[in-house]
Amino acid sequence: MTPVVLNRRQLLLGASALGASAYALPVFGAGNGMEAAIKAMFGNGDIAEAKVKLTIPALSENGFSVPFEVEVDSPMTEDNHVTKIAIFSERNPIPLIATYHLSPRSGRAKVNGRIRLAGTQNVHAIAQMSDGSLYRASANSFVTVAACIIL
Amino acid sequence: MSTSIRIKAPKTARKGDVIELKALIQHKMESGYRRDEKGETIPRKILTEFVCLYDNEEIFRADFHPGVSANPILTFYTRATESGTLVFRWTEQTGEVFEDSTEIKVT
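First, a word on scope: everything that follows refers to the structure included in this document. (Residues numbered from 1 in each chain as written. Chains lettered and ligands numbered in written order. Predicted model: local features only at pLDDT ≥ 70, side-chain atom pairs only at ≥ 80, totals over all residues. Heavy atoms only, no water.)

1. Here we look at the sheet that holds strand E4 (residues 66-72) of chain A
The strands making up a sheet are joined through hydrogen bonds of the backbone, oriented either antiparallel or parallel.
Then, in step 1: Spatially, E2(A)-E4(A)-E7(A)-E6(B)-E3(B)-E1(B) is the arrangement adopted by the 6 strands of the open sheet, whose pairing is antiparallel. Unpaired on one side and paired on the other, strand E2 (52-55) of chain A together with strand E1 (5-8) of chain B mark the two borders of the sheet. Sheet twist, expressed as the average angle between the axes of neighbouring strands with direction ignored, equals 15 degrees. (Pairing = 2+ DSSP bridges. Helix = DSSP H or I, 4+ residues; strand = E, 2+ residues; numbered from the N terminus. Axes fitted to C-alpha atoms, helices over the stretch in contact; angles between N-to-C directions.)

Listed below in structure tokens is the structure:
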């Protein structure tokens, strides 16, 4: 194996890349490739931090079953409705947790359920509108007993 | 494994009203990350899809991954359009289907 020798420029590039990823995910970093998973599902378009409200308990004593609720501000008409809501974890072994498909027949863009969290983290909800626009929100939960020991 | 499904939906509704639907199913949602007492990985076995049909038309669908808790529960909404049957259908990764239905009277 050839030893890896980095010059000053490469080191600086690496350091700035690290800085950039730390900026994008301030809490624990993208150890599980969550941002890549979000791009794989929704593309490279801008995702505005608006319209989506994600609620999870600030303290989860049991990471095996954490309730969440996501509601998107939308009139849910033929012309303007939510088509998809996806829930992502930045720390679980698989970033994508669940995807919900809605239509004008939903009447209300609100879903809730229960998820597993492998430790304290931010949970992210991304919503796609019928015009293709994307919105997101995140919420943090302190998890006392993690759902997954292997990370 | 015996599987029980529970549905919560109003029996009656007024046309145009947005109604709340709740679905619950008994399922381990084995994540594939747990190990047994011998240290062997327990294979993944999860429900991968939930669909709600209103008079045979799909009105809501969910795709599940191992991050969904055991005994999945979900709440969602739909607009009451006419009297008919609501079918709640869960599909396991094995292809096995679990379903139940309820009638709604819309006035």
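On we go.
2. A short note on the interface of chain B and chain A
Then, in step 1: Across the boundary between the two partners, chain B contributes 30 residues, which contact 27 residues of chain A.
Then, in step 2: Here chain B packs against chain A, burying approximately 2,500 Å² in sum over the two surfaces, 49% of which is carbon and sulfur.
Then, in step 3: Considering only the surface of chain B that becomes buried against chain A, Tyr33, Ser69 and Tyr77 of chain B emerge as the three largest contributors, covering 26% of it.
Then, in step 4: Linking chain B to chain A there are 1 salt bridge.
Then, in step 5: The salt bridge involving Glu57 of chain B is made with Arg105 of chain A; its shortest N-O contact spans 2.7 Å.
Then, in step 6: Looking at the side of chain B that touches chain A residue by residue, the classes come out as 15 nonpolar, 8 polar and 7 charged.
Then, in step 7: For strand E6 (residues 96-101) of chain A and strand E5 (residues 57-64) of chain B, the ladder comprises 4 bridges, and the chain directions are antiparallel. (Contact = heavy atoms within 4.5 Å. Buried area = accessible area lost by both parts, 1.4 Å probe. Salt bridge = Lys/Arg side-chain N within 4 Å of Asp/Glu carboxyl O. Nonpolar A, V, L, I, M, F, W, Y, C, P; charged D, E, K, R; others polar.)

3. Section: the pairing of E4 of chain A
Residues and elements named next belong to chain A.
Then, in step 1: Where burial is concerned, the two faces of E4 differ: the one with Val66, Phe68, Val70 and Val72 is buried and the one with Pro67, Glu69 and Glu71 is not.
Then, in step 2: Of the pairings in the sheet, the one linking E2 to E4 comprises 4 bridges and is antiparallel in character. What sits directly across from Leu54, in E4, is Val70.
Then, in step 3: Summarising the sheet, E4 and strand E7 (residues 110-115) pair through 6 bridges and their orientation is antiparallel. Across the sheet, Val70 pairs through a bridge with Val111, a residue of E7. (Buried < 20%, exposed > 50% of the residue type's maximum accessible area, 1.4 Å probe, protein only.)

Purely geometric stuff here, so don't read any function into it on its own.
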